[in-house]
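# A look at the structure
The lines below spell out each chain.
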Amino acid sequence: MRALLIILSLFAFMNMSFAAPYRGDARTARIPAGTAFDLQLMQTVDTMANQEGDVCNFVLLNDQKYQNNVVLPAGSIVRGSISRIKTAKMCSRGAVLYIDFDHIVTPTGRQIPLSLGFVGIPKMTYDGGIYNQKGYGEAVQQNWDKCVDITKKSTNYGLKAGESAPGIQYVTCPVCAIGGAFGGGCYLIGDSIIDLFRRGEDVSFTKGTVFKTKLTQPIDVPVN
């Protein structure tokens, strides 16, 4: 009986000893949704060279603070992956790149899930894909803009050429304008025909490219 009491006492002591290090006052700092995260790409990403599922990592460039204390310092690693690639196709249909963000690694090695969205990228699909060229209609619009630019430059050239002699611009300006319009029209028609059979543009970002992103959901960072 006495031996049994000693064993039970030792067992209770061991339980108290192992339970002591665990604390119930763990504190976290909440970084709210909408917070800006400036990220720098750590490797080249290309819709021609990469595949769905490939990892793409980023370096956080701006400190994230809570009550004036840095809880996620610049230099922290944000891990993501290529979730989807729509490959470029004929008729000038460009590729579309989708990147998902997974988690950020804290200075203590903790991995905190996070959800980020790109901001400030002019060519994005409604569901968050990044592209350079949407399709044939956009290619024709680009050709039209080039045609207009050729005509304007030719007309301006005619005006400047006429500055050497009074009144001669009434000849040089119309001639150059007509020539520019003809050249621009030929470019518009010719390149628009070629665009029917041309493969669309790929999406490529080189190592070191900086992206503007924002948190779409708040995250809680352990601070003790």
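First things first, this report covers the structure right here in the doc. (Residues numbered from 1 in each chain as written. Predicted model: local features only at pLDDT ≥ 70, side-chain atom pairs only at ≥ 80, totals over all residues. Heavy atoms only, no water.)

Once that is clear, we can look at a nonpolar patch on the surface. On the surface, a nonpolar cluster with roughly 520 Å² of combined accessible area is contributed by Met90, Ile189, Ile193, Leu196 and Phe197. Along the chain, Phe197 turns up in the loop between helix H3 (169-195) and strand S12 (204-205). With relative accessibility at 60%, the residue Phe197 sits in the exposed group. (Patch = residues over 30% accessible without salt bridge, like charges linked within 9 Å, V, L, I, M, F, W, Y side chains within 5 Å. Areas by Shrake-Rupley, 256 points an atom, 1.4 Å probe, with all protein chains shown as cover. Salt bridge = Lys/Arg side-chain N within 4 Å of Asp/Glu carboxyl O. Helix = DSSP H or I, 4+ residues; strand = E, 2+ residues; numbered from the N terminus. Buried < 20%, exposed > 50% of the residue type's maximum accessible area, 1.4 Å probe, protein only.)

Turning to the pattern of salt bridges, a few remarks are in order. Counted under the stated rule, the structure contains five salt bridges. Between Asp38 and Lys212 there is a salt bridge, with the nearest N and O atoms lying 3.4 Å from each other. Taken together, the positions of Asp38 in strand S2 (residues 36-41) and Lys212 in strand S13 (residues 210-215) put the pair 174 residues apart, joining distant regions of the chain. For Asp149, the salt bridge identified is with Lys153, shortest N-O distance 3.4 Å.

Grouped together as the largest cluster of nonpolar side chains are 29 residues, with contacts concentrated most on Phe37, Phe58 and Ile219. The element contributing the most residues to this core is strand S8 (residues 96-105), with four residues. With near-sequence residues (within four places) excluded, Ile219 lies in contact with Ala29, Arg30, Ile31, Phe37, Leu72, Ile112, Pro113 and Leu114. (Core = buried A, V, L, I, M, F, W, Y, C linked by side-chain atoms within 4.5 Å. Contact = heavy atoms within 4.5 Å.)

Inspection of the entire model under this criterion finds five aromatic pairs. Each ring, one from Phe101 and one from Phe118, has its centre 5.4 Å from the other, and the planes form 55 degrees; the classification is tilted. Of this pair, Phe101 sits in strand S8 while Phe118 sits in strand S10 (residues 116-119), placing them 17 residues apart in sequence. On the basis of relative accessibility, which here comes to 10%, the residue Phe101 falls in the buried class. Residue class for Phe118 comes out buried when judged on its relative accessible area of 13%. (Phe/Tyr/Trp six-rings, centres within 6.5 Å; stacked < 30°, edge-to-face > 60°.)

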